[in-house]
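Reading the structure
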Amino acid sequence: MKNKSEAVVVFSGGQDSTTCLLWAIKKYNKVYAVSFDYGQRHALELTCAKEICDRLGVEHTIMDMSLLNQLAPNSLTRDDIQVDKDAPEEGPPNSFVEGRNMVFLTFVAIFAKVRGITDIITGVSQSDFSGYPDCRDVFIKSLNTTLNLAMDYDFDIITPLMWIDKEETWEMADKLGGFDIVREMTLTCYNGVKGDGCGECPACKLRKKGLDAYLSRR
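A brief structural summary.

Calculation rules
Residues numbered from 1 in each chain as written. Predicted model: local features only at pLDDT ≥ 70, side-chain atom pairs only at ≥ 80, totals over all residues. Heavy atoms only, no water. Helix = DSSP H or I, 4+ residues; strand = E, 2+ residues; numbered from the N terminus. Expected span 1.5 Å × (residues − 1). Contact = heavy atoms within 4.5 Å. Buried < 20%, exposed > 50% of the residue type's maximum accessible area, 1.4 Å probe, protein only. Axes fitted to C-alpha atoms, helices over the stretch in contact; angles between N-to-C directions. Parallel < 35°, antiparallel > 145°, perpendicular 65-115°, else oblique. Left-handed = near helix turned anticlockwise from the far one by under 90°. Nonpolar A, V, L, I, M, F, W, Y, C, P; charged D, E, K, R; others polar. Pairing = 2+ DSSP bridges. Polar contact = N/O pair within 3.5 Å; in protein donor to acceptor, adjacent residues only side chain to side chain.

Here the focus is helix 8 (residues 202–215). Between the first and last C-alpha of helix 8 there are 20 Å, a value that for 14 residues agrees with the 20 Å anticipated at 1.5 Å per step. Buried residues along helix 8 sit in contact with helix 1 (15–27), helix 6 (166–175) and helix 7 (179–185).

Residues that lie three or four places apart on an α-helix share one face, since the helix turns once every 3.6 residues. The end-to-end C-alpha distance of helix 1 is 19 Å, a good match for the 18 Å that 13 residues give at a rise of 1.5 Å each. Along helix 1, the positions that sit buried rather than exposed are Gln15, Asp16, Ser17, Thr18, Thr19, Cys20, Leu21, Leu22 and Ala24.

Here helix 4 (residues 100–114) crosses helix 5 (residues 137–151) at 40°, and the two axes come no closer than 11 Å. Taken together, helix 4 and helix 5 sit at an angle that is classed as oblique. Handedness of the crossing formed by helix 4 with helix 5: right-handed. Between helix 4 and helix 5, the contacting residues are Asn101, Met102, Leu105, Thr106, Ala109, Ile110 and Lys113 on the first element and Phe139, Ile140, Leu143, Leu147 and Met151 on the second. Looking at the contact of helix 4 with helix 5 residue by residue, the class counts come to 9 nonpolar, 2 polar and 1 charged.

Right, let's talk about the pairing of strand 4 (residues 117–121) for a bit. For strand 4, the tally of buried residues reaches 5 of 5 residues, placing the bulk of the element in the interior. Examined bridge by bridge, strand 1 (residues 3–10) and strand 4 share 4 bridges and lie parallel to one another. Opposite Val9, over in strand 4, you have Ile121 as the bridge partner.

Our next topic: the packing of helix 1 against helix 2 (residues 44–56). At a minimum axis distance of 12 Å, the contact between helix 1 and helix 2 shows a crossing angle of 20°. If you check the angle between helix 1 and helix 2, you find them roughly parallel. Between helix 1 and helix 2 the crossing geometry is right-handed. Along the contact surface, helix 1 presents Thr18, Leu21, Leu22 and Ile25, while helix 2 presents Ile52, Cys53 and Leu56. When grouped by side-chain class, the residues that make up the contact of helix 1 with helix 2 number 6 nonpolar, 1 polar and no charged.

Before going further, it helps to examine the side chain of Asn101. Note on placement: Asn101 falls in helix 4. Judged by its relative accessible area of 14%, Asn101 is buried. Within the structure, Asn101 has its side chain in polar contact with the backbone oxygen of Asp134 (distance 3.1 Å). Those residues within four positions of Asn101 in sequence are excluded, and the remaining contacts are Val124, Asp134, Cys135, Phe139 and Leu143.

For the rest of this paragraph, the subject is the sheet that holds strand 1. The strand order 3-2-1-4-5 describes an open sheet built from 5 strands, whose pairing is parallel. Looking along the sheet, the strands with just one partner apiece sit at the ends: strand 3 (59–64) and strand 5 (156–158). Pairs of neighbouring strands in the sheet enclose a mean axial angle of 30°, with direction left out of account. Bridge analysis of strand 4 against strand 5 gives 3 bridges, and the strand direction is parallel. Directly across from Ile121, in strand 5, lies its bridge partner Ile158.

Okay, structure coming up:
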């Protein structure tokens, strides 16, 4: 029997996925959060994810995805690759992990189906997608169809942040009552600094730009 009262959130412990987790908690009777250990250089994000789930009373699972690190060298998993400070003129930045969202969503779909759950929540955004091709709406829709066909099951991949920017994401978190959780407990920074971050990497700049814009009218 398919259960529409429960959902699974792909959960990194960052700003976007935490906002999605807060959103899901308001919408569903029970929410599961699934994080991935893919050899990320800042394992603190998994600690942050666990702390947030404990704070919100959400069941948290960490899956081993270390093979991804071997297949796709990038600045988020390799100490010898420096994070791009600015977006390259062509192609995705070196913080892009090839195939990450496709792999994560596929494994979360299996996790969900075993539990009779159809709804999968992920925090990708085409408005602030930082050049990552697997954050686009067309990819999500395509993978949703593929997963449905692969498992003969009616998954629904839901993307609450797809068409909003970081300013609006801060606003959403605030309206959901989680502004302080997102600001203080999340890890978005590519250099592994919790909360407001290092202030220098692209993720921190994007986060701060949105925060400043939201606070100016809060």
